[in-house]
Amino acid sequence: MATLASARPASGLSAVPNSLPTPDGVQREAWVPILMYHHIADSPPDADPIRRDLSVSPQTFEAQLRYLVGAGYQPITLRDLIYHLALGASLPEKPVILTFDDGYEDNYTNAYPLLKKYGFVGTFFIVTEPVDRKRAGYMSWAQIEIMSTSGMEIGAHSYTHPDLRGKSVDYIIWQAVGSKEAIEARIQQHVRFFSYPSGRYDEQVVNVLHSANFWGAVTIETGTYQSSRWPFELQRIRVQGSDTLNMFASKLNLDW
Ligand SMILES: [Zn+2]
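Residues numbered from 1 in each chain as written. Predicted model: local features only at pLDDT ≥ 70, side-chain atom pairs only at ≥ 80, totals over all residues. Heavy atoms only, no water.

Here's the deal with the pairing of strand β10 (residues 216-222)
Reasoning step 1: Sheet analysis places strand β9 (residues 193-195) next to β10, joined by three bridges and oriented parallel. By the bridge assignment, S195 is partnered in β10 with V218.
Reasoning step 2: By the bridge criterion, two bridges tie β10 to strand β12 (residues 234-238) in an arrangement that is parallel. Note on β12: the bridge partner recorded for T222 is R236. (Pairing = 2+ DSSP bridges. Helix = DSSP H or I, 4+ residues; strand = E, 2+ residues; numbered from the N terminus.)

Here we look at the packing of aromatic side chains
Reasoning step 1: According to the stated counting rule, one finds 15 aromatic pairs in the structure shown.
Reasoning step 2: Taken together, a centroid distance of 5.9 Å and an interplanar angle of 75° make the contact between F61 and F100 edge-to-face. Highlighted residues: F61 in helix α2 (residues 58-70) and F100 in strand β6 (residues 95-102), separated in sequence by 39 residues. Residues F61 and F100 agree in their burial class; the two are buried. (Phe/Tyr/Trp six-rings, centres within 6.5 Å; stacked < 30°, edge-to-face > 60°. Buried < 20%, exposed > 50% of the residue type's maximum accessible area, 1.4 Å probe, protein only.)

Topic: the side chain of E129
Reasoning step 1: For E129, the position within the fold is in helix α5 (residues 128-132).
Reasoning step 2: Separated by 2.7 Å, the side chains of E129 and R133 make a polar contact.
Reasoning step 3: Those residues in contact with E129 that lie beyond four places of it in its chain are R135, Y159 and T160. (Polar contact = N/O pair within 3.5 Å; in protein donor to acceptor, adjacent residues only side chain to side chain. Contact = heavy atoms within 4.5 Å.)

Some thoughts on the side chain of T219
Reasoning step 1: Relative to the helices and strands, T219 resides in strand β10.
Reasoning step 2: A distance of 3.0 Å separates a polar atom in the side chain of T219 from the backbone nitrogen of E221.
Reasoning step 3: Setting aside residues no more than four positions away along its own chain, T219 makes contact with Y196, Y201, F232, E233, L234, Q235 and R236.

Some thoughts on the nonpolar core
The tendency in soluble globular proteins is for nonpolar side chains to be buried side by side.
Reasoning step 1: Core analysis: the largest hydrophobic core is formed by 50 residues, its most contacted members being L35, Y37, F61, L68 and L98.
Reasoning step 2: Excluding anything up to four places from it in sequence, L68 contacts L35, Y73, V96, L98, F120, F248 and L252. (Core = buried A, V, L, I, M, F, W, Y, C linked by side-chain atoms within 4.5 Å.)

Let's talk about the pattern of salt bridges
Reasoning step 1: Considering all chains together, one arrives at nine salt bridges under this definition.
Reasoning step 2: For K117, the salt bridge goes to E62, with nearest N and O atoms at 2.7 Å. You can see K117 sitting in helix α4 (residues 105-117) and its partner E62 sitting in helix α2, a full 55 residues away along the chain.
Reasoning step 3: Classification of E62 as buried rests on a relative accessible area of 15%.
Reasoning step 4: Two residues, D101 and R236, come together in a salt bridge whose shortest N-O distance is 3.0 Å. Of this pair, D101 sits in strand β6 while R236 sits in strand β12, and the two are 135 residues apart along the sequence. Neither residue differs from the other here; D101 and R236 are each classed as buried. (Salt bridge = Lys/Arg side-chain N within 4 Å of Asp/Glu carboxyl O.)

Brief notes about the packing of helix α6 (residues 141-149) against helix α7 (residues 169-187)
Reasoning step 1: Where α6 meets α7, the axes come as close as 9 Å, and the angle between the chain directions of the two elements is 70°. Judged by the angle between their axes, α6 and α7 are roughly perpendicular. Here the hand of the crossing between α6 and α7 comes out right-handed. Packed against α6, whose contacting residues are W141, I144, E145 and S148, the element α7 presents A182, I183, R186 and I187 at the interface.
Reasoning step 2: Here the residues of the contact of α6 with α7 sort into five nonpolar, one polar and two charged. (Axes fitted to C-alpha atoms, helices over the stretch in contact; angles between N-to-C directions. Parallel < 35°, antiparallel > 145°, perpendicular 65-115°, else oblique. Left-handed = near helix turned anticlockwise from the far one by under 90°. Nonpolar A, V, L, I, M, F, W, Y, C, P; charged D, E, K, R; others polar.)

Focus: unusual backbone geometry
Reasoning step 1: Despite not being glycine, S158 has its phi angle at roughly 85°, a positive value.
Reasoning step 2: Relative to the elements of secondary structure, S158 occurs in the loop between β8 (153-156) and α7.
Reasoning step 3: Its identity as a non-glycine residue notwithstanding, S198 has a phi of 55°, on the positive side.
Reasoning step 4: Along the chain, S198 falls in the loop between β9 and α8 (203-211).
Reasoning step 5: Among the residues examined, S198 registers a relative accessible area of 38% and is labelled partly exposed.

Okay, structure coming up:
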């Protein structure tokens, strides 16, 4: 096995005690692109630049899925990645993880059918307050349950999407563990992964997640290098609405 790269998360957190307990004592690493999507939809005509940037059209998304298939990528879940990092479970030669933040309804109406069409699995990070309140534009619990039943991975993305830095333990538990338990009550499965709202976190947040039986969390730091030493700082690749297929392909090949 290659020696561990010196790359470490940009946060500079000491990352103790959040490294994974590996039963054989071996720390492992892997270069796995974890793609980050938000909306899979044509942006509305009046969309501001931020919304346009967060929206990948269904046509573009399908072209990306076709590219991934043609280039030999095989979709895995975050659970697969953690089994690899903690236990040494094997990964496909070219693994890729597709994640979707915020739980927008277009994830169900647009992304989910395309994922099924191409035999892909995806990981959906749900903000639970809008679901509880049946807010327009967000998935319903019924839609989330259908996706979970069909093999999609469901993760937590907090209750109301706040900046969790500098907050009390009680507040972080309410936001992170509250959303975890709300999802678990619906899908009848453990929720093991968290996506930090707006990518913001500190050591306290990591410690709460760790003690609440999360197995890992994704950031918005750019990279494909994943390590058993930093399962709560998994790096991702942001897919932007304006990405051409060439740009998408080159993002997958990041080696840091
Ligand atoms: Zn978000």
